[in-house]
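# Coordinate inspection notes
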Amino acid sequence: MADKRELLILGGGLVGMTLALAAARKGMASHVVDRADMAELTADGFDGRASAISTASWNLFINLGIAEGLEPLGCPITSIAVTDAMRPGRIDFQPEPHEGTLGRMFANRDLRLALFRAAEREPLIQWHQKAHVVTRERGEHGVAATLADGTRLEAALMVAAEGRQSPTREEAGINVARWDYRHRAIIAGLIHERPHGGVAWEIFYSAGPFALLPLQDDAQGRHRSALVWTVNEDDAAGILALSPRAFLAEVGKRMGGMFGALELNGPRAGWPLGFHHTAKITADRLALVGDAGHGIHPIAGQGFNLGLRDVGALVEVLADGRRIGLDPGDAQLLARYETWRGLDTFTVALATDGLTRLFGVPGRLPSAARRLGMGVVQRTPALKRWFMDEARGVSGDLPELLRG
Amino acid sequence: MGDATVANVTIRDAEAAHFDRLAADWWNPRGSSAMLHRLNPVRLAFLRAAIDLHWGGDIESATPLAGKTALDVGCGAGLLAEPLARLGAAVTGVDAAPGNIAAAQAHAAGSGLAITYRDGELAGLGGTFDLVTCLEVIEHVGDKPTFVRELARHLAPGGLLVLSTPNRTPTSRVLLVGAAEMVGAVPRGTHHWDDFLTPDDLRALLTDAGLRMDEPRGIAFSPARGFHLSDDLSLDFITTIRHA
């Protein structure tokens, strides 16, 4: 058994690599296999995607020792403004000063760089880049993957972190409930004249939410936000084909001109949106983490945070198991992971799906109902607290690695 | 439950034969030993805490039993012996049912663990061990005083003995013997309620053998939490024991 490790992580993206690092902190060694090439993934302007990092996820980064390097790159979200097509009746989620921020915004590229650099320094991580998995085996005593170049990697537990199209999940015969929103998220970086003041905007239009997420000013001191604009599938190609000038005019119209003149920062991209969920996130010697187990609408920027809560829970379960001498692939450990994560992912998935549908209904009456609903939330401290805690990721039974 | 059987002149042949039939399915977490699999993390957590306390080790260490010898009495197919080996101990497992020992050896080889397995009599085994475990076993033993004296003889000076067994209460009669067998949670014929010991019965047996029993903890069951450590001793209890 050449170099049999605790974990065989298939998929070395943000979630997979965070898992490898967190496991290493607990003394567990992993193989990480990814098709991509790090140099390409971290090339300047690779994509304009950005992620909200909740307070809980930030605690995980602190525990992994990568928070310090990331700190200057993140833009604290001081409040979240939710409006129905910029009509009156908006909800503001603004924490009290002692409660800290609602999270931090990062360019995905910065997160990837920090994780990859940390992984390169970590002797317990063996990272196989540009590697294609040809066969997967899950047996009574362990798991293995054979790569296209013939390399065979062995471990006690296989973890699928390949994202929503996870081939490992498909091969294991785990069925997911899924539906397609028939929508695309248009992702783009924006440079704008006026500062955003740390406000994250969720502006609901009947076609879908239009979100502006505050980023740090760039090196030249220009104000930046990440745009996540949900449009109908049928309109997406047309919007992406617009000239930059016409595109910015459409975007500006939906923002009501609140940030002044706009410029594009990097390329635009369209991502198909879907929802999928499975109650079963484990099989014999297999665990699913991140979008492999649950893909939710990016409406509230919770997808990555949810994946990091998977990471925290799985690592805690495995570390507890290791303390009592259990094999990382032990069925009892996987059962605990599944029970722990099941309710959380389902709750968040339903909430975001419900929001999407609620705000996806066009017409004047639904709009009035939505504004009424927002008014109720605005005036009900308990509800607002629940929404804010969800944004921070601190409600529910939080894994130790994600606690402050 | 019923971890296994112990080779001893005192054990009933029928019990050994019963477990022999179950051996092949032992490591299947959804098989006939499913209840034991679910119990395993709970009793291992107790064991880990007891180990750290007894030897004053680092609670974060992955191998708190490094350099120590361990004996699992009534080891079955190695459900407890393998974790003890991962925790660093040089483990010997002994069981009365040859089928169990064959299953245990095959599984340990697959897991890449070096464990010494013996079928037959505990009395026939030489040597003493730093840690002796005997979990869900004594209820299957016929001549309990002789068996307990054998446990004492195999416990090294300054060593730690951990023992668990179902309590003889109406709760265990209804849940473990009646309901559990009726719904198939444990195989029929696994438990004989009249053989169960109360904590006081056990303490008396141990005292006669020159051993001192600490305060036992309960292993309780609830549908919401599954098996868990508890102050409720009515179903099953686990305790640490040392030389008096």
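For clarity, every value in this text was computed on a predicted model and none was experimentally measured.

Take the overall build of chain A next. In terms of regular secondary structure, chain A is built from 12 helices and 20 strands. A total of 404 residues make up chain A; the buried ones form 55% of that total. Within chain A, counting contacts between residues at least 6 apart in sequence, those at least 24 apart form 75% of the total. If you sum the accessible surface of chain A, you get close to 16,700 Å²; carbon and sulfur atoms cover 54% of it.

With that out of the way, let us pick up the overall build of chain B. Each helix and strand in chain B was counted, giving seven helices and nine strands. Each of the 244 residues in chain B was classed as buried or not, and the buried ones make up 60%. Of the roughly 9,200 Å² of accessible surface on chain B, a fraction of 55% belongs to carbon and sulfur atoms.

As a general point, the strands of a sheet are linked pairwise by backbone hydrogen bonds and lie either parallel or antiparallel. Residues and elements named next belong to chain A. Ordered in space as 3-7-4, the three strands form an open sheet in which the pairing is antiparallel. The two strands at the open ends of the sheet, each matched to only one other strand, are strand 3 (50-53) and strand 4 (75-76). Taken together, the two bridges between strand 4 and strand 7 (residues 104-107) define a ladder with antiparallel strand orientation. By the bridge assignment, P76 is partnered in strand 7 with R104. Here helix 3 (residues 55-64) sits on the sheet and contacts strand 3 and strand 7; the angle it forms with strand 3, its principal contact strand, is near 90 degrees.

Further remarks concern the pairing of strand 1 (residues 5-10) of chain A. Residue and element names in this part refer to chain A. Burial analysis of strand 1 places five of its six residues in the buried class, the great majority of the element. For strand 1 and strand 11 (residues 152-160), the ladder comprises five bridges, and the chain directions are parallel. Paired with L8 across the strands is M158, a residue of strand 11. Here strand 1 runs beside strand 2 (residues 30-33); their pairing, made up of four bridges, is parallel. Opposite I9, over in strand 2, you have V32 as the bridge partner.

Moving on, we get to the interface of chain B and chain A. Taken together, the 19 residues of chain B in the interface contact 12 residues of chain A. Among the residues chain B hides against chain A, the three largest losses belong to B:P41, B:R86 and B:G110. Together they make up 27% of the total. Taken together, the links from chain B to chain A amount to three salt bridges. Taking the shortest distance from any N to any O, the salt bridge between B:R30 and A:D284 comes out at 3.1 Å. Our enumeration of links across chain B and chain A arrives at six residue pairs in polar contact (both at pLDDT 80 or more). For the side of chain B that touches chain A, the element with the highest residue contribution is helix 2 (residues 34-55) of chain B, accounting for eight residues.

Residue and element names in this part refer to chain A. With eight of its 10 residues buried, strand 15 (residues 223-232) lies for the most part within the structure. Relative to strand 15, strand 14 (residues 208-215) runs antiparallel, the two being bridged by six bridges. What sits directly across from P214, in strand 15, is S225.

What follows covers the packing of aromatic side chains. Residue and element names in this part refer to chain A. Inspection of every chain in the model, using the stated rule, returns seven aromatic pairs over all chains. Relative to F61, the ring of W58 lies with its centre 6.3 Å away and its plane at 75 degrees, an arrangement referred to as edge-to-face. Taken as a pair, W58 and F61 lie in helix 3 at a separation of three residues, close to a single helical turn. The exposure class of W58 is buried, given its relative accessible area of 5%. Overall, F61 belongs to the buried group, its relative accessible area being 0%.

So, on to the packing of helix 1 (residues 14-25) of chain A against helix 3 of chain A. All names here are of chain A. Packing of helix 1 against helix 3 leaves a shortest axis separation of 10 Å and a crossing angle of 55 degrees. With respect to helix 3, the element helix 1 is oriented oblique. Every pair of crossing elements has a handedness; the one defined by helix 1 and helix 3 is left-handed. Contacts from T18, L21, A22 and R25 of helix 1 reach helix 3 at L60, F61, N63 and L64.

Time to look at the confidence of the model for chain B. On average, chain B scores 88 in pLDDT, and the residues at 70 or more come to 86%. Interface confidence for the predicted complex, expressed as ipTM, amounts to 0.87; the pTM equals 0.86.

This part covers helix 3 of chain A. Within helix 3 of chain A, seven of the 10 residues are buried, which leaves it mostly tucked inside the rest of the structure. Following helix 3 of chain A by one or two positions, A:G65 adopts a phi angle in the positive range, close to 75 degrees.

As a further point, take the pattern of salt bridges. Charged atoms that come close allow side chains of opposite charge to pair. Under the defined criterion, the tally for this structure stands at 32 salt bridges over all chains. Between A:R222 and A:D218 there is a salt bridge, with its nearest N and O atoms 2.8 Å apart. The buried category is assigned to A:D218, whose relative accessible area is 16%. For the salt bridge of B:K144 with B:D195, the shortest nitrogen-to-oxygen distance reads 3.9 Å. Separated by 51 residues along the polypeptide, B:K144 in helix 5 (residues 144-154) and B:D195 in the loop between helix 6 (170-182) and helix 7 (199-208) bring together distant segments of the chain. Across the pair, B:D195 and B:K144 agree in class, each one buried. It is possible to trace a salt-bridge network through shared partners that takes in A:R285, A:D327, B:E82 and B:R86.

This part takes up the packing of helix 3 of chain A against helix 9 (residues 303-323) of chain A. Residue and element names in this part refer to chain A. Their axes nearest at 9 Å, the elements helix 3 and helix 9 cross at an angle of 50 degrees. Relative to helix 9, the element helix 3 is oriented oblique. Note that helix 3 runs across helix 9; the crossing there is left-handed. On the side of helix 3, the interface is formed by S57, L60 and F61, while helix 9 contributes F304, N305, L308 and V311. Taken together, the residues of the contact of helix 3 with helix 9 sort by class into five nonpolar, two polar and no charged.

Next up on the list: the environment of B:S172. With respect to the helices, strands and loops of the structure, B:S172 is situated in helix 6. It is 11 Å that separates the C-alpha atoms of B:S172 and B:D194, two residues lying 22 residues apart in sequence.

Another aspect to go through is helix 4 (residues 98-111) of chain B. Relative to the 20 Å expected for 14 residues at 1.5 Å per residue, helix 4 of chain B spans 20 Å between its end C-alpha atoms, a close match to the ideal helical length. Of the residues flanking the end of helix 4 of chain B, it is B:G112, one or two places downstream, whose phi is positive at about 70 degrees.

The rules behind these values
- Residues numbered from 1 in each chain as written.
- Chains lettered and ligands numbered in written order.
- Predicted model: local features only at pLDDT ≥ 70, side-chain atom pairs only at ≥ 80, totals over all residues.
- Heavy atoms only, no water.
- Helix = DSSP H or I, 4+ residues; strand = E, 2+ residues; numbered from the N terminus.
- Buried < 20%, exposed > 50% of the residue type's maximum accessible area, 1.4 Å probe, protein only.
- Contact = heavy atoms within 4.5 Å.
- Areas by Shrake-Rupley, 256 points an atom, 1.4 Å probe, with all protein chains shown as cover.
- Pairing = 2+ DSSP bridges.
- Axes fitted to C-alpha atoms, helices over the stretch in contact; angles between N-to-C directions.
- Buried area = accessible area lost by both parts, 1.4 Å probe.
- Salt bridge = Lys/Arg side-chain N within 4 Å of Asp/Glu carboxyl O.
- Polar contact = N/O pair within 3.5 Å; in protein donor to acceptor, adjacent residues only side chain to side chain.
- Phe/Tyr/Trp six-rings, centres within 6.5 Å; stacked < 30°, edge-to-face > 60°.
- Parallel < 35°, antiparallel > 145°, perpendicular 65-115°, else oblique.
- Left-handed = near helix turned anticlockwise from the far one by under 90°.
- pLDDT = per-residue confidence, 0-100.
- Nonpolar A, V, L, I, M, F, W, Y, C, P; charged D, E, K, R; others polar.
- Expected span 1.5 Å × (residues − 1).

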